[in-house]
Amino acid sequence: MIFSRGWLPGLTACLLSCSPLLTSASSSHKQQCKAIPGTPVWPSPASWKRLNESLAGRLLQPPPPGAVCHPGQPTYDAGECPNLLADWSKLDYHHTNPVSTYWNNWSNDTCLPYPGYPCSGQGYPLFVVNATTARHVQLGVRFAKKHNIRLVVKNTGHDFIGRSSAPNSLSIWVHSLKDWKYHGEGFRPKRCKTTLPGTYLTAGSGSQMWDIYTRLDEMNQTIVGGGGKTVALGGYLTGGGHSLLSPYYGMAADHVVEIEAVTPSGEVITANSCQNQDLFWAILGGGGSTFAIPTLFTLKTHPTPSLSHLNILIITPLPNTSSIIFPLQAYITSQFPSLSTSGLSGYAFLLPPSTPFPLFPNITNGIGGFFMSCVVLQSSPSSFPQDILSLWDPVLSHINTTFPLSANNFTILTIPTSYPSFLAYFAAHHDTTPAGTNILPGGRLLDAPALTRNLTALSETYSSLSRGPQPASSIIAAHLVSGPGVHTHPNRFKTSLLPSWRTSYLHVAIIGGIALTGVVFGESFPPLNETAKSEAYARVLGKDEIIKQLAPDTGAYMNEASPIEEKGWQQKLWGENYDRLKRIKRTVDPTDVFWCTPCVGNERWKQVGDRLCRV
């Protein structure tokens with residue numbers, strides 16, 4: 001295997017040096033913690049060898065990816081290092097590596113490919129099952145359960161909250177689970193008596209959005225899916241999955257009719273509305289790496305729509321315009337519930353004065369105002385562009401008559417485009433978020449009362465959120481990704497998704513900046529700087545609290561929420577569903593084979609140094 005370090009030398013080195021906590025751990029403490037190298041219950045080299053043989057050689061012992069740039073590391077390669085440095089900010093590199101994730105802090109910055117930084121494997125899994133079948137997943141889970149080893153699951157590494165990597169762990173890498181079957185004349189879930197009408201797709205949990213959209217487009221179909229090429233089904237669907245198409249068709253999880261998964265006991269099971277119903281409900285919205293490892297999903301597809309797209313900008317280069325910009329932003333976002341009901345969806349960015357904006361590099365002092373990329377589904381090719389412009393006409397008319405735009409050098413730009421299919425739109429507008437940085441996400445859902453009840457309070461909230469240590473950290477993303485399709489979907493009670501999605505319109509997210517390479521989500525901070533990390537944590541908590549004042553009872557989208565387990569985090573991520581989810585977790589995983597944070601039922605364990613121990 002290309003990533004193997006060699007069996008016995010690597011194991012011997014690991015047994016001697018993998019855990020600095022080993023020498024000070026008491027025997028009673030060891031019994032209350034997951035196994036680590038050097039403890040009596042850690043598997044012998046012969047046990048690992050037998051596991052590898054049962055997997056037909058698919059057990060990997062990967063080096064830290066940044067090691068190629070560090071002299072003294074076994075995989076140091078001076079010729080390869082420049083290529084890695086060029087690829088480190090690209091998503092494609094990290095999703096093809098068995099242990100690397102998109103953001104450095106989730107491997108504790110233990111081996112960055114930069115001169116002068118330390119390099120070790122301490123932040124990464126020790127072994128990886130490179131799974132291509134459910135049987136491979138099953139063997140890995142059973143081995144981890146038998147030997148009390150910490151288990152993690154990695155798909156592509158597109159994980160904002162850090163569940164895809166952990167020290168002293170065995171990782172199940174599901175990236176290569178890419179089975180595919182299209183059902184063009186209905187689908188009958190196993191043990192169900194009824195064939196569901198429509199078109200369906202059965203795909204492996206490692207299947208990525210670009211591949212799915214491309215293959216389905218050949219049949220004039222698409223799915224409710226993610227906005228990034230490298231987003232894969234597994235983590236996306238277990239988190240619920242919002243989409244540009246959600247306001248029309250519902251959340252992605254609403255479309256799943258059957259799941260194949262490996263349970264914590266190592267069984268391969270089928271879950272749907274006719275068997276394993278509790279597990280089916282829990283997986284769809286309850287989060288990944290918690291209840292089971294899904295290997296296959298069957299979900300409903302839709303005829304691919306034609307889309308009218310509009311880039312709309314209302315901006316000014318003048319710096320002293322706070323008294324106009326924040327009320328302007330409040331008014332526009334107050335119109336989002338009615339715009340969503342009329343068929344609009346999209347991604348907006350609220351720019352405080354003097355925000356650096358790469359689309360206008362000649363404006364050196366930055367801009368302020370509002371920017372949105374939005375769509376409506378075309379009723380016919382001839383409806384473009386009036387179908388989308390007409391939605392904005394009353395909003396822009398009100399802005400022109402209410403706000404002193406001309407006196408403050410505001411420009412309004414509307415740039416419409418038509419796309420014949422969802423794939424055509426996606427090819428031009430997919431997420432290009434850069435990787436290889438340290439980030440902490442944050443945000444919250446906002447419902448109609450939060451957006452329309454008190455525009456003064458909404459304006460003051462945007463003003464408060466804009467006060468950051470630098471302008472780029474003050475941008476707010478307002479994702480209009482919920483609406484009638486989410487609120488009324490017939491399957492809305494069949495998933496464990498946070499219930500407030502069914503009444504909310506906006507997913508408001510903290511943004512670290514906008515670059516030519518894409519949007520930087522979350523608060524960023526430099527590596528190996530505990531002070532800067534603590535400050536970033538404080539900023540995320542502070543901004544989350546400001547947004548919460550608008551909608552105290554809504555909560556946050558779990559896949560993009562703050563990973564900080566502040567008081568009430570369980571209700572913030574799952575609301576009234578949490579108690580039932582926790583009961584299911586205790587039933588299917590009584591010994592906590594799966595553990596992650598922030599995840600359902602994780603209260604019995606805590607990471608101490610590089611080891612997972614019982615509280």
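Residues numbered from 1 in each chain as written. Predicted model: local features only at pLDDT ≥ 70, side-chain atom pairs only at ≥ 80, totals over all residues. Heavy atoms only, no water.

What the chain contains, in helices and strands, is 20 helices and 23 strands. Compactness check: the chain gives a C-alpha radius of gyration of 24 Å against a globular reference of 25 Å for 615 residues, within 12% of the reference. Residues classed as buried in the chain amount to 60% of the 615 residues present. Look at the contacts in the chain between residues 6 or more apart in sequence, and 74% of them connect residues 24 or more apart. Split by element, the accessible area of the chain, about 23,100 Å² in all, is 54% carbon and sulfur. In the chain, 44 positive and 37 negative side-chain charges are present, and the distance between their average locations comes to 9 Å. (Helix = DSSP H or I, 4+ residues; strand = E, 2+ residues; numbered from the N terminus. Rg over C-alpha atoms; globule rule 2.2 N^0.38 Å. Buried < 20%, exposed > 50% of the residue type's maximum accessible area, 1.4 Å probe, protein only. Contact = heavy atoms within 4.5 Å. Areas by Shrake-Rupley, 256 points an atom, 1.4 Å probe, with all protein chains shown as cover. Lys, Arg positive; Asp, Glu negative; His and termini not counted. Charge placed at Lys NZ, Arg CZ, Asp CG, Glu CD.)

Ordered by their spatial adjacency, five strands build an open sheet running S5-S6-S10-S8-S9, and the pairing between neighbours is antiparallel. With partners counted over all chains shown, the strands left at the sheet margins are strand S5 (180–183) and strand S9 (268–272), one partner each. On average, each strand axis in the sheet is inclined to that of its neighbour by 15 degrees, with strand direction left out of account. Sheet topology places strand S8 (residues 256–262) next to S9; five bridges connect them, and they run antiparallel. Each bridged residue has a counterpart across the sheet, and for valine 262 the counterpart in S9 is valine 268. Each of S5 and strand S6 (200–204) touches helix H7 (residues 209–217); the most contacted strand, S5, lies at about 40 degrees to it. (Pairing = 2+ DSSP bridges. Axes fitted to C-alpha atoms, helices over the stretch in contact; angles between N-to-C directions.)

All right, on to helix H10 (residues 277–286) then. Taken across its 10 residues, H10 has eight buried, putting it largely inside the fold. What H10 keeps buried is the set Leu279, Phe280, Trp281, Ala282, Ile283, Leu284, Gly285 and Gly286. Contacts made by the buried residues of H10 are with helix H8 (233–238), S8, S9, strand S10 (293–300), helix H19 (569–574) and helix H20 (578–588). Positive backbone phi, approximately 105 degrees, marks glycine 287, located one or two places after H10.

Right, let's talk about the UniProt feature "domain: FAD-binding PCMH-type" (unreviewed entry) in the chain for a bit. Within this structure's numbering, the places UniProt gives as "domain: FAD-binding PCMH-type" (unreviewed entry) are residues 121–304. Along residues 121–304 one finds 23% helix and 26% strand; the C-alpha atoms at either end are 45 Å apart. (UniProt positions renumbered as here; feature names shortened; annotations may be inferred.)

Pairing is mixed across the open sheet formed by four strands, whose spatial order is S1-S2-S4-S3. At either end of the open sheet lies a strand with only one pairing partner, and these are strand S1 (59–60) and strand S3 (150–154). Relative to strand S4 (residues 169–173), strand S2 (residues 127–130) runs parallel, the two being bridged by four bridges. Bridging from a neighbouring strand, phenylalanine 127 pairs with leucine 170 of S4. Here helix H6 (residues 134–147) sits on the sheet and contacts S2, S3 and S4; the angle it forms with S4, its principal contact strand, is near 165 degrees.

This part takes up the environment of leucine 423. Structurally, the position occupied by leucine 423 is in helix H14 (residues 422–429). Measuring from C-alpha to C-alpha, the distance between leucine 423 and serine 306 comes to 9.6 Å, with 117 residues separating the pair along the chain.

What follows concerns the environment of proline 361. Relative to the assigned elements, proline 361 resides in the loop between strand S13 (345–355) and strand S14 (367–377). Once the C-alpha coordinates of proline 361 and arginine 150 are considered, the two residues, 211 residues apart in sequence, prove to be 48 Å apart.

On to the nonpolar core, then. Judged by nonpolar contacts, the single largest core of 85 residues is most densely connected at Phe349 and Trp501. The dominant element in this core, judged by the number of residues it contributes, is H10, at six residues. In this structure tryptophan 501 touches His242, Met251, Leu445, Val481, Ser482, Val486, His487, His507 and Tyr557, once residues within four positions along its chain are discounted. Ranked by size, the runner-up nonpolar core spans 43 residues in total, among them Leu391, Ile399, Phe410 and Leu480. (Core = buried A, V, L, I, M, F, W, Y, C linked by side-chain atoms within 4.5 Å.)

Phenylalanine 384 connects to proline 385 through a cis peptide bond whose omega is 0 degrees. The step from threonine 597 to proline 598 runs through a cis peptide bond, and the omega angle for that step is -5 degrees. Relative to the elements of secondary structure, proline 598 occurs in the loop between H20 and strand S22 (605–608). Within the chain, asparagine 276 stands out as a residue other than glycine whose phi angle is a positive 50 degrees. Following the sequence through the fold, asparagine 276 ends up in the loop between S9 and H10. For aspartate 592, which is not glycine, the phi torsion reads 60 degrees and is therefore positive. Structurally, aspartate 592 can be placed in the loop between H20 and S22. For aspartate 592, a relative accessible area of 0% gives the class buried.

Scanning all chains against the criterion turns up 14 salt bridges. The salt bridge partner of glutamate 53 is lysine 49, with a shortest N-O separation of 2.7 Å. Separated by four residues within a single helix, glutamate 53 and lysine 49 lie in helix H3 (residues 45–54), roughly one turn from each other. Note that lysine 543 and glutamate 523 form a salt bridge whose closest N and O atoms lie 3.0 Å from each other. One end of the pair, lysine 543, is in helix H18 (residues 530–548); the other, glutamate 523, is in strand S21 (residues 523–524), and 20 residues separate them in sequence. Both residues of the pair, lysine 543 and glutamate 523, count as buried. One salt-bridge network, in which partners are shared between bridges, spans Lys582, Arg586, Asp592, Glu603 and Arg604. (Salt bridge = Lys/Arg side-chain N within 4 Å of Asp/Glu carboxyl O.)

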